[in-house]
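Coordinates in review
Given next are the chains, with one letter for each unit.
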Amino acid sequence: MASMGQEANSPIAEIAEDFYMITLPMPFRLRHVHVYAAVRNGRVTLFDTGLNSGGSRESLRAALGTIGLSLNRIDAVYITHYHADHCGMAGWLQAEFGATIHMPETDNAILQNNRTPDIFDRLVRPFYRRQGLPDRAIDLLESLREQFKTLSPPFLADVYVRASDVLMDGTRHFRVLPAPGHTRGQVCYYFEKEEILLSGDHVLPVITPNLSPDLFCPEFSCLSSYLGALEELKNIPIAQVYPGHGTPFADCPARVDEIKSHHEERKSLIWTSIREEAKTSFQVSRDIFGRNLSEFDQFLAVNETYVHIGQLLSEGRVVERDGGDVKFYAAENP
């Protein structure tokens, strides 16, 4: 593997021959997202895109310029999952430069469903009210949803990538690895020769990806799917993980074990929270994450809590009780 060969704060770093990590800015608490560029014969294959914003476009343009390339050399884009920070520029690159968009079929479908005009009032608002999330947080979520439309303009995938596909980009082969959990259809891209994993948001070096219910597929077991996909990474020789956020790292099995331990601890804390009193997901989330969260962080906390409660339900350790407008959860045989 080639040396990074760049200063830590450089927007572009070579990770292998003709293969680059490009760091793009984001206007959030999470300040950056990494995208990856494979170069062959003067053309660029981009893995994830960053947000559709002027700052991201200019940063990507400048980064490619340092290696003598321009945005119009991007002819293919591979997406790990449908979130705006990973596919926001896909539609623009497709429309402006004719880039072919490759992404998982499931996440492409979710992306289209999310744009259904009545989706918020039909699915989103009723679900979070049943989990006890205050209306102020739900209203903020609706407002943010509108804002994010500009950060990820509509597009349709040209090609669907499927689990275990072996794809070729010039002389470079890579494999599509299923990575459900953070989204139902997320994938990673694995480069066998270099033993490089582009992990998207599946496995990150310090934080864990937010796990949230898939309202289009209520039967999807988010946490168990996520942990199962993580465990599969132990069977693959990975020299270096290049994530969507944070610093690249080498010991993937150790990080997988850390994440699994984290989720076991989270389940234990949730069970303790409801051991003596039935509570809504929101009430449990306040016990776990505290009571001084912003409305958006309340939403994230409820998602995480609900997903872990769902796992405890499937294990028979928690029961659900109908409270009319809301749902309560209680420990089974505390």
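Reading the values: the criteria
- Each residue is numbered by its place in its chain's sequence as written, counting from 1.
- It should be noted that, the model being predicted, local features are given only for residues of pLDDT at least 70 and side-chain atom pairs only at 80 or more, the latter also being counted only at that level, while totals for whole chains, interfaces and linings use all residues.
- Think of the side-chain values as coming from all heavy atoms in the structure, minus any hydrogens and water.
- Helix and strand definitions here come from DSSP, where helices need a minimum of 4 consecutive H or I residues and strands a minimum of 2 consecutive E residues; each element is numbered from the N-terminal end.
- Radius of gyration: C-alpha atoms only; globule rule: 2.2 Å multiplied by the number of residues to the exponent 0.38.
- Here's how the labels work: a residue is buried when its accessible area is under 20% of the maximum for its type, exposed when over 50%, partly exposed in between, all with a 1.4 Å probe on protein chains only.
- We call two residues in contact whenever any of their non-hydrogen atoms come within 4.5 Å of each other.
- Here, Shrake-Rupley sampling with a 1.4 Å probe gives the accessible areas, and only protein chains in the shown set may cover a residue.
- By the counting scheme adopted, Arg and Lys are positive, Glu and Asp are negative, and His together with the chain ends is not counted.
- Note that the charge is assigned to NZ on lysines, CZ on arginines, CG on aspartates and CD on glutamates.
- In this description, strands pair whenever DSSP reports at least two bridges between them.
- Residue-level confidence of the predictor is summarised by pLDDT, bounded by 0 at the bottom and 100 at the top.
- Two joining distances apply to patches: 9 Å for like charges and 5 Å for nonpolar side chains (Val, Leu, Ile, Met, Phe, Trp, Tyr), and every residue must have over 30% relative accessible area and no salt bridge.
- Salt bridge, as used here, is a side-chain nitrogen of Lys or Arg placed within 4 Å of a carboxyl oxygen of Asp or Glu.
- Points on a 1 Å grid, built from protein atoms alone, make a cavity when a 1.4 Å probe fits but cannot get out and make a pocket when they are open with protein on both sides within 12 Å along at least 5 of 7 lines; residues with an atom within 4 Å of a point are the lining residues.
- Grid points are joined across faces, edges and corners, and a volume is the space filled by probe spheres set on the points.
- Note on aromatic pairs: the rings of Phe, Tyr and Trp (six-membered ring only in Trp) are paired at centre separations within 6.5 Å, and the planes decide the class, stacked below 30 degrees, edge-to-face beyond 60, tilted for the rest.
- Here, the arc refers to the directions that run from the helix axis to the C-beta atoms.
- Only the stretch in contact is used when a helix axis is fitted, and all axes are lines through C-alpha atoms; the angle between N-to-C directions ranges over 0 to 180 degrees.

With that out of the way, let us pick up the overall build of the protein chain. Scanning the protein chain for helices and strands turns up 10 helices and 14 strands. For 334 residues, the compact-globule estimate of 2.2 N^0.38 gives 20 Å, and the protein chain sits close to it at 20 Å. For the protein chain, the spread of C-alpha atoms along the three principal axes comes to 65 × 40 × 35 Å. With 334 residues in all, the protein chain has 50% of them scored as buried. Counted over contacts in the protein chain with a minimum sequence separation of 6, partners at least 24 positions apart contribute 63%. Here the protein chain has roughly 14900 Å² of accessible surface; of this, 49% comes from carbon and sulfur atoms. Within the protein chain, one finds 32 positive and 44 negative side-chain charges whose respective centroids are separated by 3 Å.

Next up on the list: the environment of R321. Looking at the secondary structure, you find R321 in strand β13 (residues 318-322). R321 sits 43 residues away from A278 along the chain, and the two C-alpha atoms are 8.2 Å apart. When sequence neighbours within four positions are dropped, the list of residues in contact with R321 reads A278, V326, K327, F328 and A330.

As a further point, take the pairing of strand β10 (residues 187-191). Working note: regular strand, side chains alternate between the two faces of the sheet. Along β10, five of the five residues are buried, which leaves the element largely enclosed by surrounding structure. The side-chain alternation of β10 yields two buried faces, one formed by V187, Y189 and F191 and the other by C188 and Y190. Pairing geometry for strand β9 (residues 172-178) and β10, over four bridges, is antiparallel. Across the sheet, R175 pairs through a bridge with Y190, a residue of β10. Across three bridges, the pairing between β10 and strand β11 (residues 196-200) is antiparallel. Bridge pairing in β11 links F191 to I196. Here β10 folds back onto β11, and the loop between the two strands holds four residues, one of which, E195, carries a positive phi near 55°.

Turning to the confidence of the model for the protein chain, a few remarks are in order. Mean pLDDT over the protein chain works out to 92, with 97% of the residues at or above the 70 mark. Residue range residues 1-8 is modelled with pLDDT below 50. Its contacts to residues more than four positions away, or to other chains, number 16 contacts.

Among the surface-exposed residues, L30, V206 and I207 lie close enough to one another that they form a single nonpolar patch of about 270 Å² accessible area. Mapping V206 onto the fold places it in the loop between β11 and α7 (222-232). Take V206: its relative accessible area is 70%, and that puts it in the exposed class.

Moving on to empty space enclosed by the protein. Applying the stated criterion to the full structure yields one cavity of 30 Å³ or more. Every residue lining the largest cavity is listed: H34, Y36, F47, D48, T80, L198, S199, G200, Y242 and G244. Of all the secondary structure elements, the ones that give two or more residues to the lining of the largest cavity are β3 (32-40) and β11. Here the lining of the largest cavity gets three residues from one element, more than from any other, and that element is β11.

Before going further, it helps to spend a moment on the packing of aromatic side chains. Applying the stated criterion across every chain yields a total of 16 aromatic pairs. Measuring from ring centre to ring centre gives 5.4 Å for F47 and Y78, while their planes differ by 20°; the resulting arrangement is stacked. Of this pair, F47 sits in strand β4 (residues 43-47) while Y78 is found in strand β5 (residues 74-78), placing the two residues 31 residues apart along the sequence. The exposure class of F47 is buried, given its relative accessible area of 2%. Classification of Y78 as buried rests on a relative accessible area of 7%.

The set of residues buried in α7 consists of C222, L223, Y226, L227, A229 and L230. End-on view of α7: buried residues confined to an arc of 160°, all on one side of the axis. Residues of α7 that are buried sit in contact with β9, α8 (252-273) and α10 (295-314).

By the element assignment, T272 lies in helix α8. Through-space distance from the C-alpha of T272 to that of A330 is 10.0 Å; in sequence the pair is 58 residues apart.

We now examine the sheet that holds β4. To summarise the sheet geometry, strands pair through backbone hydrogen bonds and adopt either a parallel or an antiparallel arrangement. Across the sheet, which stays open at both edges, the seven strands sit in the order β1-β2-β3-β4-β5-β6-β7 with mixed pairing between neighbours. Looking at which strands have only one partner, the edges of the open sheet turn out to be β1 (12-16) and β7 (159-161). Going across the sheet, the axis of each strand differs from the next one's by a mean of 25°, ignoring polarity. As judged from the four bridges shared by β4 and β5, these two strands associate in the parallel manner.

Moving on, we get to the layout of surface pockets. Take a probe with the size of a water molecule and roll it over the atoms, and the empty space left behind shows itself. Its volume calculated, the second largest pocket comes out at about 430 Å³. As for the second largest pocket, its lining consists of 24 residues, of which F127, P213, P218, F220 and Y306 are closest to the centre. Elements with a contribution of two residues or more to the lining of the second largest pocket: α5 (119-130), α7, α10 and β14 (327-331). Considering each element in turn, the lining of the second largest pocket owes the most residues, six residues, to α10.

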